[in-house]
Amino acid sequence: MTLQADLKKLYLLDMQLRGLRSRLDGAISRQQKQTARLEQLRQQRKELGEQVKLMQVKASTVEKQSQDMEARIATLRNQMNSVKNNKEYSALLIEVNTLKNDKGKVEEEALTHMTKVDELKKQAEELDGKITEQAKLVGVSETEVKACEAELGQQLTDLTAQRDAAATLVPPESLATFNKLAYRFDGEAMASIVEENRRTMEYNCAGCYIGLPAERLNRLMRKPDEIVVCPSCGRILYIEEELRTSLASSK
Ligand SMILES: [Zn+2]
């Protein structure tokens, strides 16, 4: 086979292989995204759990304060029953009233904390629901990856072997050019020639659609062991067999 034919064979196998790989890569990347989302939700849930604990501690501290105040008020009231004069009585009454006032504030604070605890618990419940749903999505994406591997695994192995075999037929220098272009164009290292008008010698590059000088077509036809590139995009040009035969017979 000619260099041009060897390159084209390599190109087609390479593109097929890339297609298969991108299907598998797509499935793997979906799985990674779903797993990352699940991790993120679990982290949020953990932080929320810590917030709940903290708020519960605050609420019970304040509740304890309120109970202490209540006990102190009870003691003061007892003392009020056994005072000897009005002055003492008034002093105790002032203290009781001050304590009652403070206790009211503390109870309000406790209520705010408890309301917050309830809110946080509700958020945590919602998050638990989301985590369950997300875990299901992770499961689905894992199954998809496994199915993809099972379906494509053997094809990938076979195609890789065929591609590698095709690559050994191409001289190292040409192969390096091919690989460089494949890297640059995401696999599309080569482009066919599109015949627009034979009479006026109008031919385009199928890669970038630019018009090609007649000289490139002539070289492709006459020197099948040379690499001919598109002057615009730089892809390696090739002629489909049908066009080559038809052009050869019309001369
Ligand atoms: Zn081009």
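Bear in mind the structure is a predicted one, so any value in this text is a computation, not a measurement. (Residues numbered from 1 in each chain as written. Predicted model: local features only at pLDDT ≥ 70, side-chain atom pairs only at ≥ 80, totals over all residues. Heavy atoms only, no water.)

Engineer: Can you break down the packing of helix 1 (residues 3–81) against helix 3 (residues 172–184) residue by residue, with the values?
Structural biologist: Running from N to C, helix 1 and helix 3 cross one another at 35°; their axes reach a closest spacing of 12 Å. Of the two possible hands of crossing, helix 1 and helix 3 adopt the one that is right-handed. When helix 1 is examined against helix 3, the residues Leu3, Leu7, Leu10, Tyr11, Asp14 and Arg18 are found in contact with a partner set consisting of Ser174, Leu175, Phe178 and Ala182. Classifying every residue of the contact of helix 1 with helix 3 gives 7 nonpolar, 1 polar and 2 charged. (Axes fitted to C-alpha atoms, helices over the stretch in contact; angles between N-to-C directions. Helix = DSSP H or I, 4+ residues; strand = E, 2+ residues; numbered from the N terminus. Left-handed = near helix turned anticlockwise from the far one by under 90°. Contact = heavy atoms within 4.5 Å. Nonpolar A, V, L, I, M, F, W, Y, C, P; charged D, E, K, R; others polar.)

Engineer: Tell me what's going on with the side chain of Ser141, and back it up with residues and numbers.
Structural biologist: Along the chain, the position of Ser141 falls in helix 2 (residues 86–168). In this structure Ser141 comes out as buried when scored by relative accessible area, which is 4%. (Buried < 20%, exposed > 50% of the residue type's maximum accessible area, 1.4 Å probe, protein only.)

Engineer: Can you tell me about the coordination of the zinc ion, naming the residues and giving the values?
Structural biologist: The protein atoms donating to the zinc ion are Cys205 (SG), Cys208 (SG), Cys230 (SG) and Cys233 (SG), with metal-donor distances spanning 2.3 Å. What the 4 donor atoms of the zinc ion show is an angle range of 104 to 114° at the metal, which sorts the shape as tetrahedral. Sequence spacing among the residues donating to the zinc ion works out to C-x2-C-x21-C-x2-C. Highlighted residues: Cys208 in the loop between strand 2 (202–205) and strand 3 (211–212) and Cys230 in the loop between helix 4 (214–222) and strand 4 (236–238), separated in sequence by 22 residues. (Donors = N, O, S within 2.8 Å, 3.2 Å for Na, K, Ca; no water. Tetrahedral: all angles 85-135°; square planar, octahedral: opposite > 155°, others 65-115°.)

Engineer: Explain the domain arrangement of the protein to me, using residue names and the numbers behind them.
Structural biologist: Considered domain by domain, the protein is made up of domain 1 (14–167) and domain 2 (175–250). On a C-alpha basis, the centroid separation for the pair domain 1 and domain 2 is 61 Å. Opposite the 5 residues of domain 1 that make contact, domain 2 presents 7 residues. Roughly 410 Å² of surface becomes buried between domain 1 and domain 2 when both sides are summed, with 57% attributable to carbon and sulfur atoms. Looking only at domain 1, the three residues that lose the most surface to domain 2 are Met15, Arg18 and Ala167, adding up to 70% of its buried area. Our enumeration of links across domain 1 and domain 2 arrives at 0 salt bridges. Every element with two or more residues in the side of domain 1 that touches domain 2 is listed here: helix 1 and helix 2. For the side of domain 1 that touches domain 2, a count of residues per class yields 2 nonpolar, no polar and 3 charged. (Domains from an automatic or database assignment. Buried area = accessible area lost by both parts, 1.4 Å probe. Salt bridge = Lys/Arg side-chain N within 4 Å of Asp/Glu carboxyl O.)

Engineer: I'd like a rundown of helix 2, residues and numbers included.
Structural biologist: At Leu152, helix 2 shows its maximal kink, close to 45°. The N-terminus of helix 2 is capped by Asn85, whose side-chain oxygen sits 3.2 Å from the backbone nitrogen of Lys87. (Bend = angle between axes of the 7 residues up to and from the residue. Polar contact = N/O pair within 3.5 Å; in protein donor to acceptor, adjacent residues only side chain to side chain.)

Engineer: I'd like a description of the pairing of strand 2, backed by residues and values.
Structural biologist: Pairing of strand 1 (residues 190–197) with strand 2, which is carried by 4 bridges, proceeds in the antiparallel orientation. Bridging from a neighbouring strand, Asn197 pairs with Glu202 of strand 2. What sits between the antiparallel neighbours strand 1 and strand 2 is a turn of 4 residues, in which Met201 has the positive phi angle 60°. Sheet topology places strand 2 next to strand 3; 2 bridges connect them, and they run antiparallel. Note on strand 3: the bridge partner recorded for Tyr203 is Leu212. In this antiparallel pair of consecutive strands, strand 2 and strand 3, the connection spans 5 residues, and Tyr209 shows a positive phi of 65°. (Pairing = 2+ DSSP bridges.)

Engineer: I'd like a rundown of the packing of aromatic side chains, residues and numbers included.
Structural biologist: A complete count under the given rule lists 1 aromatic pair for this structure. The interplanar angle of 55° and the centroid separation of 6.1 Å between the aromatic rings of Tyr11 and Tyr238 together place this pair among those described as tilted. Residue Tyr11 is found in helix 1, and its partner Tyr238 is found in strand 4; the two are separated by 227 residues along the sequence. Given a relative accessible area of 8%, Tyr11 falls into the buried group. Residue class for Tyr238 comes out buried when judged on its relative accessible area of 8%. For Arg235, the ring lying beneath its charged end belongs to Phe185, and the centroid distance is 4.0 Å. (Phe/Tyr/Trp six-rings, centres within 6.5 Å; stacked < 30°, edge-to-face > 60°. Lys NZ or Arg CZ within 6 Å of the ring centre and 35° of its normal.)

Engineer: Lay out the sheet that holds strand 2 in plain terms, naming residues and giving numbers.
Structural biologist: The strand order across the open sheet built from 4 strands is 3-2-1-4, with neighbouring strands paired in mixed fashion. The strands lining the two open edges of the sheet, one partner per strand, are strand 3 and strand 4. Where helix 1 meets the sheet, its contacts fall on strand 1 and strand 4, and the angle it forms with strand 1 comes to roughly 110°. This element, helix 4, spans strand 1, strand 2, strand 3 and strand 4 of the sheet and lies at about 70° to strand 4.

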